[in-house]
Amino acid sequence: MNTVLVTGGAGYIGSHVVQQLLEQGERVVVIDNLSTGFREAVRGADLVVGNVGDLDLVGQVMAAHHVDAVLHFAAHTIVPESVCDPLKYYGNNTCNTRNLLACCAEHGVEKFIFSSTAAVYGMTDNGIADEDTPTKPINPYGTSKLMSETMLRDHSATGAMRHVILRYFNVAGCDPQGRIGHSTPNATLLIKVCCEHAVGIRESLSIFGTDYNTPDGTGVRDYIHVDDLAAAHLRALDHLRGGGDSQTLNCGYGHGYSVREVIDAVARAGGKPLNVIELPRRPGDLPMLIACSDRLKRVLDWQPHYDDLDFIVGTALRWEQQLLCKRVPLSSVA
Ligand code: UDP
């Protein structure tokens, strides 16, 4: 039986995909260096601890496990960090993807699913992006992913493989059953930050910009539940296994929420108002970014199941409460 190789499968999104692959009866091997991932997030799959750019290691794993498809999540993902340390992003996100593709070529792996990002678009005319919207990333994170997309397309054009590039919009929420979640330390993503504040880990929450040309002046984003996103990966795998052609697909719900709407949802879920500080705009932020996801629905027959901000936020907050319980040492519990 063939095996799916998941790089970065111990991380936030990768672990949710691994969970769904296992539930579908797939054999899964994960390569993760555990720099931001967690061993316990890999529930039931083989875990190899190492770097995706390590040609020998990846080659050994591909040969030993009869890998027929790669799902590539391993990457650095913090936009402000990418601005301060771009080479870290081009090294880990772009160069390592190149090495992974070389391993695929050497070991005859012909199906590749790539975690890309809405950050490849940059500023759009009307805040809505479809897959043909020009790509003009405004930070090294977006550029590092766009360069990987280009390599993939060029490599696939030789006939060596077929790929699905999934461009994620704002991924949020956690496994509704509470088995895995978003545990990344020093989070900067809005919903995670709000939930950390709601459980008392942060004293306040900052709104970056209240003077955008949006209905309430704050930034608007398309938040997609991580399990709906994970399901898109399984559909993409079916598509490639069924002989489908290479695709680039936006992953979002096609509508957005403002920062204030997200804050209100977290306050509702937690039953108390948040302590909000209004700050100037964060450099590099866009007023609005929403997916046109018609192609995802059409090509992969994907349908969302969790398109509900209160549900998304509820799962994120429950996970944060679970993390908090783990952090409290038993001796301090009265
Ligand atoms: N944001 C905010 N406060 C925070 C984090 C984010 O006001 O502590 C805003 C940010 O300016 C953007 C939206 O929330 O308008 C989503 O930002 P996030 O960092 O979650 O994702 P991005 O869209 O930047 O990838």
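For the structure itself, look to the data block above.
What comes next concerns the included structure. Nothing here was measured: the structure is a model prediction, and the numbers come from that model. (Residues numbered from 1 in each chain as written. Predicted model: local features only at pLDDT ≥ 70, side-chain atom pairs only at ≥ 80, totals over all residues. Heavy atoms only, no water.)

1. Points about the sheet that holds strand E15 (residues 288–291)
- Strands sit in the order E6-E15-E10-E13 across an open sheet of four strands; the sheet is mixed. Each edge of the open sheet carries a strand with a single partner, namely strand E6 (128–129) and strand E13 (257–258).
- Pairing geometry for strand E10 (residues 220–221) and E15, over two bridges, is parallel. When the bridges of E15 are listed, valine 220 appears paired with methionine 288. (Pairing = 2+ DSSP bridges. Helix = DSSP H or I, 4+ residues; strand = E, 2+ residues; numbered from the N terminus.)

2. Points about the nonpolar core
- One finds Val6, Ile13, Leu21 and Ile191 to be the most contacted residues of the largest nonpolar core, which totals 58 residues.
- Take this core: its biggest share by element is eight residues, from helix H7 (residues 226–241).
- By size, the runner-up hydrophobic cluster in this structure holds 22 residues, among which are Val48, Val58, Phe114 and Ile165. (Core = buried A, V, L, I, M, F, W, Y, C linked by side-chain atoms within 4.5 Å. Buried < 20%, exposed > 50% of the residue type's maximum accessible area, 1.4 Å probe, protein only.)

3. Description of helix H10 (residues 309–327)
- Taking 1.5 Å of rise per residue, 19 residues should cover 27 Å, and H10 covers 27 Å from first to last C-alpha, within 8% of that figure.
- Looking at the buried side of H10, the elements it contacts are strand E8 (170–172), helix H6 (190–198), strand E11 (223–225), E13 and helix H8 (259–270). (Expected span 1.5 Å × (residues − 1). Contact = heavy atoms within 4.5 Å.)

4. Overview of the site of the ligand
- Residues in close proximity to the ligand total 14 residues, the closest being Leu190, Ser206, Arg221, Arg282 and Asp285.
- Within the backbone of serine 206, one N or O atom sits 2.6 Å away from a nitrogen atom of the ligand.
- At 2.7 Å from an oxygen atom of the ligand is found a side-chain nitrogen or oxygen belonging to arginine 221.
- Of all elements in the fold, only H6 and strand E9 (205–208) reach the threshold of two or more residues within the shell around the ligand.
- No other element matches E9, which puts three residues into the shell around the ligand.
- In terms of residue class, the shell around the ligand is built from seven nonpolar, four polar and three charged. (Near = heavy atom within 4 Å. Polar contact = N/O pair within 3.5 Å; in protein donor to acceptor, adjacent residues only side chain to side chain. Nonpolar A, V, L, I, M, F, W, Y, C, P; charged D, E, K, R; others polar.)

5. Considering the packing of aromatic side chains
- Scanning the model with the defined rule gives four aromatic pairs in all.
- Between the aromatic rings of tyrosine 121 and phenylalanine 169, the centroid separation amounts to 6.3 Å while the plane-to-plane angle is 35°, which identifies the pairing as tilted. Of this pair, tyrosine 121 sits in the loop between strand E5 (111–117) and E6 while phenylalanine 169 is found in the loop between strand E7 (162–168) and E8, placing the two residues 48 residues apart along the sequence. For the pair formed by tyrosine 121 and phenylalanine 169, the shared burial category is buried.
- Centre to centre, the rings of tyrosine 306 and phenylalanine 311 are 4.9 Å apart; their planes meet at 5°, and the pair counts as stacked.
- Note on phenylalanine 311: relative accessible area 28%, which makes it partly exposed. (Phe/Tyr/Trp six-rings, centres within 6.5 Å; stacked < 30°, edge-to-face > 60°.)

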